[in-house]
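Single-letter residue listing:
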Amino acid sequence: MKKIALVTFLFLMFMEGAYSQPISPQNTLYNIRYHHDLLYTRIVLHMDASPFYRVDSFPHSKSMVISLSEVVLSKKLLEYPTSLPLIQEERDRKERGGQLSLLEKIEVKQLASDTVTILMTFSNPSQYKTLILQNPARLIIDVTPILEELPPLGEKAITPFPHIVPTTPPMNEPSNSQTVSVPTENLLPAEKNQTALSKAFSTKFQILNYVTQMELADQNIFNPNNRLIQFPKAQLDIDLRPTFRLQSHAISLLVKPQLIVNTKWPTQSLGEASKTDNDAFINEWHAQWEFSPSLIGVYGREVLLWGPSYLFSPSNPFFDENGQSNPKRELRGKDFLRVISIPNSSWAFSFISNREDDSKLAHMLKIDYTGQSYALGLNLSKSEGHRLRFGDYGQVTVSDAMLLYTEGSLSHGTKALYPRQTATPVGWEMAGIKKQTDRYFFTELVGGSYTLGNGMTLSVEYVHNQEGYSDAEAKQYDQLGREVSEIFLAQDERLALAASVLGSASSPGLRLLRRNYLFFQVLQTDIHNKIDLTLRYTHNLDDQSWVLVPVIEWNQNDWIQIFALGTVQGGHPTTEFGRFIKYQAVVGTKLFIW
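Given the structure is predicted, the values throughout are model-derived calculations rather than measurements.

Trainee: I keep staring at the overall build of the chain and nothing clicks. Help me out?
Mentor: Each helix and strand in the chain was counted, giving 6 helices and 30 strands. Looking at the chain as a whole, 52% of its 594 residues are labelled buried. Across the chain, the fraction of contacts at a sequence separation of at least 24, relative to all contacts at a separation of at least 6, is 62%. Within the structure as shown, the chain displays about 27,200 Å² of accessible surface, and the carbon and sulfur contribution to it stands at 58%.

Trainee: Sorry, what's going on with the side chain of His-46 here?
Mentor: If you trace the backbone, His-46 turns up in strand E2 (residues 41-47). Those residues in contact with His-46 that sit more than four places away from it in its chain are Thr-28, Leu-29, Tyr-30, Asn-31, Arg-33, Ala-137 and Arg-138.

Trainee: Which parts of the structure should I look at to understand the pairing of strand E24 (residues 440-451)?
Mentor: Two faces make up the sheet, and in a regular strand the side chains alternate between them. The pairing of strand E21 (residues 402-412) with E24 spans 11 bridges and is antiparallel. Bridging from a neighbouring strand, Thr-406 pairs with Val-446 of E24. Once E24 ends, the chain turns through 5 residues before running back antiparallel as strand E25 (residues 457-465), passing Gly-455 with a positive phi of about 95°.

Trainee: Explain the nonpolar core here, please?
Mentor: A general feature of soluble globular proteins is that nonpolar side chains tend to end up buried together. Membership of the largest hydrophobic core comes to 43 residues, with the highest contact counts inside it found for Phe-222, Val-463, Tyr-469, Tyr-477, Leu-480 and Val-484. Among the elements that line this core, the one with the most residues is helix H5 (residues 471-490), at 6 residues. Other than its neighbours up to four places away in sequence, Phe-222 contacts Leu-228, Tyr-477, Leu-480, Gly-481, Leu-502, Ala-505, Ser-506, Arg-579 and Phe-580. In terms of nonpolar packing, the next biggest core, distinct from the first, is built from 26 residues, Leu-68, Leu-77, Ile-106 and Met-120 among them.

Trainee: For this particular structure, what's the right way to read the packing of aromatic side chains?
Mentor: Aromatic rings considered in pairs are described by the distance between their centres and by the relative angle of their planes. Taken as a whole and assessed by the stated rule, the structure comprises 16 aromatic pairs. Ring geometry for Tyr-369 against Tyr-374: centres 6.0 Å apart, planes inclined by 40°, an arrangement best described as tilted. Seen in terms of ring centroids, Tyr-469 and Tyr-477 are 5.2 Å apart; in terms of plane orientation they differ by 55°. Their pairing is tilted. For Tyr-469, a relative accessible area of 1% corresponds to the buried category. Its relative accessible area of 1% is what places Tyr-477 among the buried residues.

Trainee: Hey, could you run me through the environment of Ala-137 in this one?
Mentor: Along the chain, Ala-137 falls in the loop between strand E8 (126-133) and strand E9 (138-145). Using a relative accessible area of 6% as the deciding quantity, one classes Ala-137 as buried. Note: C-alpha distance between Ala-137 and Leu-29 (108 residues apart in sequence) is 10.0 Å.

Trainee: Looking at this structure, I do not really get the pairing of strand E22 (residues 418-421). What am I missing?
Mentor: For E22 and strand E23 (residues 428-431), the ladder comprises 4 bridges, and the chain directions are antiparallel. Bridge pairing in E23 links Gln-421 to Trp-428. Following E22, the chain reverses through 6 residues before pairing antiparallel with E23; Gly-427 in that reversal takes a positive phi of roughly 85°.

Trainee: Help me understand the packing of H5 against helix H6 (residues 495-506), please; the structure alone is not making it clear to me.
Mentor: Any two packed helices are characterised by how steeply their axes cross, that is the angle between the axes, and by the distance between the axes. In contact at an axis separation of 9 Å, H5 and H6 are set at 150° when each is read in the N-to-C sense. One element, H5, and the other, H6, form an angle in the roughly antiparallel class. Of the two possible hands of crossing, H5 and H6 adopt the one that is left-handed. Only Leu-495, Ala-498, Ala-499, Val-501, Leu-502, Ala-505 and Ser-506 of H6 make contact with H5, whose side of the interface consists of Tyr-477, Leu-480, Gly-481, Val-484, Ser-485, Ile-487 and Phe-488.

Trainee: Please clarify how H6 should be interpreted in this entry.
Mentor: Three- or four-residue spacings in an α-helix give side chains the same orientation, since the helix completes a turn every 3.6 residues. When the terminal C-alpha atoms of H6 are compared, their 16 Å separation across 12 residues agrees well with the 16 Å that a helix rising 1.5 Å per residue should span. Taken together, the buried positions of H6 are occupied by Ala-498, Val-501, Leu-502, Ala-505 and Ser-506. Taken around the axis of H6, the buried residues stretch over an arc of 140°, which confines them to a single face. Against the buried residues of H6 lie E23 and H5.

Trainee: What exactly am I supposed to notice about H5 here?
Mentor: For H5, which comprises 20 residues, the first-to-last C-alpha distance of 29 Å matches the rise-based estimate of 28 Å (1.5 Å per residue) to within 8%. Among all positions of H5, only Glu-473, Ala-474, Tyr-477, Asp-478, Leu-480, Gly-481, Val-484, Ser-485, Ile-487 and Phe-488 are buried. Buried-residue contacts for H5 involve E22, E23 and H6. Gln-491 lies just past H5 and shows a positive phi near 60°.

Trainee: For this particular structure, what's the right way to read the pattern of salt bridges?
Mentor: Any two side chains of opposite charge can pair, so long as their charged atoms come close to each other. Enumeration according to the criterion identifies 16 salt bridges in this entry. Asp-335 serves as the salt-bridge partner of Arg-301, at 3.2 Å between the closest nitrogen and oxygen. Taken as a pair, Arg-301 in strand E15 (residues 295-302) and Asp-335 in strand E16 (residues 334-341) lie far apart in primary sequence, 34 residues in all. Residue Asp-335 is classed as partly exposed on the basis of its relative accessible area of 26%. Asp-471 is paired through a salt bridge with Arg-514; the nearest N and O atoms lie 2.6 Å apart.

Definitions and limits used
- Here, residues in each chain are numbered from 1, in the same order as that chain's written sequence.
- Only residues with pLDDT of at least 70 get local features here, since the model is predicted, and only at 80 or more are side-chain atom pairs given and counted; chain-wide, interface and lining totals rely on the full set of residues.
- The side-chain numbers reported here are obtained from all heavy atoms of the structure, hydrogens and water having been left aside.
- We count a stretch as a helix when DSSP gives it H or I for four or more residues in a row; a strand needs E for two or more, and each element gets its number in order from the N terminus.
- Buried, partly exposed and exposed residues are distinguished by accessible area as a fraction of the type maximum, computed with a 1.4 Å probe on protein chains only: under 20%, between the cut-offs, and over 50%, respectively.
- The contact criterion used is simple: two residues touch if any of their non-hydrogen atoms lie within 4.5 Å.
- Only the protein chains shown count as cover for residues, and all accessible areas are computed by the Shrake-Rupley method using a 1.4 Å probe.
- A pair of strands is considered paired only if DSSP assigns at least 2 bridges between the two.
- Each nonpolar core is a collection of buried residues, namely Ala, Val, Leu, Ile, Met, Phe, Trp, Tyr and Cys, held together in the definition by side-chain atoms within 4.5 Å.
- Put simply, two rings from Phe, Tyr or Trp (the six-membered ring, in Trp's case) pair if the centres are within 6.5 Å, and we call them stacked under 30 degrees between planes, edge-to-face over 60, tilted for the rest.
- For every element, the axis is a line fit to its C-alpha atoms; helices are fit only across the contacting stretch, and the angle between N-to-C directions ranges from 0 to 180 degrees.
- Every angle not falling under 35 degrees, over 145, or within 65 to 115 is termed oblique; those three ranges are roughly parallel, roughly antiparallel and roughly perpendicular.
- Helix crossings are classified by the rotation of the near helix relative to the far one: an anticlockwise turn of less than a right angle makes the crossing left-handed, while a clockwise turn makes it right-handed.
- Expected helix span is computed as 1.5 Å times (number of residues minus one).
- Here the arc refers to the set of directions running from the helix axis out to each C-beta atom.
- Think of a salt bridge as a Lys or Arg side-chain nitrogen and an Asp or Glu carboxyl oxygen that are within 4 Å of each other.

Structure representation (structure tokens):
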């Protein structure tokens, strides 16, 4: 616990900042959609990933400024022509003395190379709420007028565009900044006024170089002497990540290949020399066709994530992780066919088909609803050889500072493996003994986030995982590890069977090994306009093991980021977080070539 106290103290010494949600650098804002009338406006910003953002607006103001950090504009948005903010229909209404819609103008500006500001002006003083949604990543801004400020019916609601003075010190604007006044009639459908093919093609290129140092647990019954999993003592990785995007009319193509070159230095117990390997593959690609503004088809290899939780996403049956525990490691894409219907700005219906690694098919029906300050999602999935599985999530924006959310799943039986004594030569096996049971198993996560006045965001989550091992099952699991590891080390004719059992025990198909967990996260971004800090702590309430993950990202300039990521684990050698490693440290750089 002294290590936890020391790391926490050092981490909190640096806390101060401004933004509010995690993002990948060089995120692209590629579309803006809206729905508006006199009493309500919803603006939807479509991006590659969830953004860091800040909203500046005076009380009772008729305008607001949204600042997006580490975001670039797509070529399509950069090439909207400057024009008058009111569309012809609203001009006609003005001449007739009628009322205008609440939204009057959207102005998008690219500052430097990684900051976008969006100025919105309204016909009346307004208030707002924001909401982040995933898959696809969207920042939603719901704006409503302050009712006592509304003019009487029939009175013209025409105001000049006021000069905006942000509530925080203004950002320095370089002389080559680009400003775009976006006429609202050009924003729907999504692909109107598409630029020429050559202008619709965009690329990004990133290079990650990082070194990993690892210290293994003293006693590891599921990886005896590191001979089963063979963790390296140290590893050097060079990871090349280009991204190619093509948008032309209703068609969108995306390709994200990767080339990874790594050199591993084994532990002394393995007695081997260093080894260098390389792996080239296409981690993500997809072809998207917009049949109409409300019907989209997508096919390809994708990382399909959703849900509001940080620890993991129990409502998602396709990915065990959500990429939060190690933001520098990209999740491997999987093959999907998706058909998405978006009848209006509130509802979305999806059919998703996935081909698993063993060539089995899994299908899902997914429904998402977005209200003015809340979002809900339900899904029903079925894979070959398994029974139905339900997933759900919900989140509500209580205030500008507080977000509450829940996410869970319910399955008929479970495909997880459980320890069982047998008459085999090793005496144990890991078996799917609850796969065909009549029981239902649920996992539910409840949590909330609160953003302090200095921009620090505090999050806490509790998870109950009914699929996890009970105390009795955990004792059997420990006994299996001890007895089978002795057989493995004996190196007799039972070696192959013992290795198979220990391998299954190391990965039993459970996202969390036990049943009850607490998770805490502290997030502070844009410290001195350069540093982002994250501190994550997970505590297993059943076996009292824990894991602490600090992440530091230091943006030197527009092209170079230096990062450090640590993992410190504690607990008895037979506990979940005490089984394999003591600590792991990763230090590296991320280069943004273009």
